[in-house]
Amino acid sequence: MTSTTLPRSALFVPANRPERIPKALGSGADIVIVDLEDAVAPEAKPEARRALEAFLDQAPEKAVWVRINAADTADFDADLALCRDRPGIAGLVVPKAETTEALAQAGTLGLALMPLIESARGLQALPELARSPGVVQLSFGALDLGLDLGIEPGSEGGDWILNQARYQLLLQSRLAGLAAPIETVHPEFRDMAVVERAAGLAVEMGFSGMLCIHPRQVAVVNDAFQPTVDQLAWATRVLEAAERDAGAGQIDGQMIDAPVMARARRLIASAKRG
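Quick notes on the rules
- Residues numbered from 1 in each chain as written.
- Predicted model: local features only at pLDDT ≥ 70, side-chain atom pairs only at ≥ 80, totals over all residues.
- Heavy atoms only, no water.
- Helix = DSSP H or I, 4+ residues; strand = E, 2+ residues; numbered from the N terminus.
- Buried < 20%, exposed > 50% of the residue type's maximum accessible area, 1.4 Å probe, protein only.
- Polar contact = N/O pair within 3.5 Å; in protein donor to acceptor, adjacent residues only side chain to side chain.
- Axes fitted to C-alpha atoms, helices over the stretch in contact; angles between N-to-C directions.
- Parallel < 35°, antiparallel > 145°, perpendicular 65-115°, else oblique.
- Contact = heavy atoms within 4.5 Å.
- Nonpolar A, V, L, I, M, F, W, Y, C, P; charged D, E, K, R; others polar.
- Expected span 1.5 Å × (residues − 1).
- Arc of directions from axis to C-beta.

**Q** Help me understand the side chain of Asn 222 in this model?
**A** Position of Asn 222 relative to the elements: it lies in helix α10 (residues 215-224). Residue Asn 222 is classed as buried on the basis of its relative accessible area, which comes to 8%. Looking at Asn 222, its side chain comes within polar contact range of the side chain of Ser 9, at 2.7 Å.

**Q** Just to check I follow, could you spell out the packing of helix α2 (residues 45-56) against helix α3 (residues 76-83) for this structure?
**A** Angle between the axes and distance between the axes are the two parameters that describe a pair of packed helices. Contact pair α2 / α3: the axes reach a minimum separation of 10 Å and the direction vectors enclose 10 degrees. As judged from the angle between their axes, α2 and α3 are roughly parallel. Contacts from Arg 49, Leu 52 and Glu 53 of α2 reach α3 at Ala 78, Asp 79 and Leu 82. Partitioning the contact of α2 with α3 into residue classes produces three nonpolar, no polar and three charged.

**Q** Looking at this model, I keep getting lost on helix α9 (residues 192-205). Mind explaining?
**A** An α-helical turn contains 3.6 residues, so a residue and the one three or four places further along point in the same direction. With 14 residues, α9 should reach 20 Å at 1.5 Å per residue; the first-to-last C-alpha distance of 20 Å fits that figure. Here α9 has its buried residues at Val 195, Ala 198, Ala 199 and Ala 202. Buried residues of α9, viewed axially, fall in a sector of 95 degrees; they line one side. Counted as exposed and oriented over 90 degrees from the buried face of α9: Glu 196, Arg 197 and Glu 204. Close packing links the buried residues of α9 with β7 (182-183), β8 (209-212) and α10. In this structure Asp 191 caps α9, since a side-chain oxygen of it lies 3.1 Å from the backbone nitrogen of Ala 193. Immediately downstream of α9, the backbone of Gly 206 shows phi near 105 degrees, a positive value.

Keep in mind these numbers describe shape, not what the thing actually does.
Shown next as structure tokens:
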């Protein structure tokens with residue numbers, strides 16, 4: 001992924017509901033993740049693989065990502081076998097990532113990898129996971145991670161702890177030279193003001209996009225991760241002023257130094273994702 005192709009929105013769709021995949025692809029989501037894991041009951045996983053296989057037989061190149069099952073499940077090898085040599089798959093989302101060995105096994109397919117950090121062990125191994133070959137971006141599952149850590153869902157204290165996990169994803173992504181991570185899903189899909197607030201916080205924290213569980217969330221998330229008109233106007237003025245004056249210029253009472261120009265360039269680059 002490059003700075004201009006980073007996904008703002010990544011929409012999950014269950015693999016056992018193949019009729020929803022074309023709808024998801026038309027939702028405006030930057031990437032669609034066909035889910036073989038949490039969205040599919042254990043007894044329905046073989047059927048889900050068959051349905052995904054039928055879609056992939058006629059899918060355009062790099063049409064979807066696929067969330068496979070975790071490495072410690074009986075479905076992991078079957079999922080990898082299904083995804084091997086499939087031009088329609090752009091990458092794999094690897095849930096409950098805890099070991100570099102599991103990522104290496106997934107990496108034999110030669111696809112981009114997005115590990116999901118969903119446990120204490122995953123957090124502990126994060127520096128090594130972030131540097132694993134094939135990994136392009138990190139994300140996390142707040143519900144699974146919270147359950148593993150004993151966090152009270154939706155509580156202020158629980159949010160404090162999850163923010164520590166967010167910090168680690170941001171830090172390790174930067175140290176490993178990865179793109180900024182993708183925010184976890186938000187369970188609300190009726191009240192878009194709630195989703196907008198969550199996405200806005202993720203933007204402020206430095207995340208590059210957000211996982212979505214419903215098509216209604218996509219437009220709100222896309223908008224949140226686009227620079228505002230005012231931000232773009234500011235960035236344009238900064239770069240124009242810097243071009244006019246190679247010395248220590250200023251704009252809006254702020255000195256134009258290297259970090260200010262870098263932020264302006266980043267804002268303009270991020271606008272090209274739309």
